[in-house]
Amino acid sequence: MEDKFRFKKKYGQNFLKNKALINRIASVIDITKDDFVVEVGPGFGILTVKLAERAKNVLTYEIDEEVLETLKNNLASYDNVQVIVGDFLKQKIENDISSYHFSHLYFVGNIPYYITTPILFKLASSTIPFDEIVVMVQKEVGDRICAKPQNKIYGSLSVLLQYQFDVKKEFIVSKKEFHPEPKVDSIIISLKKKKIKESIINEQYFYKLVQDSFQYKRKTIRNNLRGYDLSIIEKVLKEHGYDLTVRAEALSYQIFIDIANALCS
């Protein structure tokens, strides 16, 4: 069926064909038989099988009903995999995982390029205690996730993910490893939950502040945060050697935390 499958551009379908590479991706996380894995975009289930061999349970989300028959056939030998058909972005993950028991919770996904940012924002802003997230993303997105302040590609996604996780580039995946072949290379990124996280009074407020700060990349903090108390923001910025004319791309996530906490005090 894989040979006859009609790849759908609207779902950004590019399937890996190198089994050695699949094993390498599955081995990035040290998964044990006490652990639970949430996967997005299983396709025909080649990576899902490798995860099921290692984990206690795997919950995988697939939006394309046309792959289901082949997916379920490939997973027939594994009674520890649940397939949910639907759009991951619309799912209540907290409800879906509520009946499972596990030692560690992991997220793995070969995320379609067109929904990479929404999925990562969903994970970053959720209350689900993922110990580690391993995703394959467009190389440009991976560079953005790992970017540091003073870099033009540093943005709200960089801030929100680096606040919660230790981010690491694992390895590059050539575009030639996919069928059909995409236009750009991909990269495997791991995001490991920080053991000690800076204290934030109101996380949801922090997330909104960060996104508002980067709303217009070339505008200053003064212009992007007009709806906030600029006198408080100015005071915090001065403590770090900046003023309201600074752009968001210059500020570390720790500075955004200080601003959010000051505004919430």
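For the structure, see preceding data.
In what follows, the accompanying structure is described. (Residues numbered from 1 in each chain as written. Predicted model: local features only at pLDDT ≥ 70, side-chain atom pairs only at ≥ 80, totals over all residues. Heavy atoms only, no water.)

With respect to burial, strand 2 (residues 36-40) is a largely interior element, 5 of its 5 residues being buried. Burial of strand 2 is two-sided: the residues F36, V38 and V40 facing one way and the residues V37 and E39 facing the other way are all buried. When strand 2 meets strand 3 (residues 57-62), the two strands line up parallel, connected through 5 bridges. In the sheet register, V38 faces strand 3, and the bridge partner there is L59. In terms of handedness, the path from strand 2 via helix 2 (residues 46-54) over to strand 3 forms a crossover that is right-handed. As paired strands, strand 2 and strand 5 (residues 105-110) are joined by 5 bridges and run parallel to one another. Residue pairing across strands places V38 opposite F107, the latter belonging to strand 5. (Buried < 20%, exposed > 50% of the residue type's maximum accessible area, 1.4 Å probe, protein only. Helix = DSSP H or I, 4+ residues; strand = E, 2+ residues; numbered from the N terminus. Pairing = 2+ DSSP bridges. Right-handed = clockwise from strand over helix to strand, strands pointing away.)

Attention shifts here to empty space enclosed by the protein. Here the structure, examined in full by the defined rule, presents 1 cavity of 30 Å³ or more. Volume-wise, the largest cavity comes out at about 30 Å³. What lines the largest cavity is I25, L47, V108, G109, N110, V134, V135, M136 and I188. Elements supplying a minimum of two residues to the lining of the largest cavity: strand 5 and strand 6 (132-138). Grouping the amino acids of the lining of the largest cavity by side-chain chemistry returns 7 nonpolar, 2 polar and no charged. (1 Å grid on protein atoms, 1.4 Å probe; cavity = no way out; pocket = protein on both sides within 12 Å on 5 of 7 lines; lining within 4 Å. Points joined across faces, edges and corners; volume = space filled by probe spheres on them. Nonpolar A, V, L, I, M, F, W, Y, C, P; charged D, E, K, R; others polar.)

Bear in mind that shape data such as this cannot, by itself, settle questions of function.
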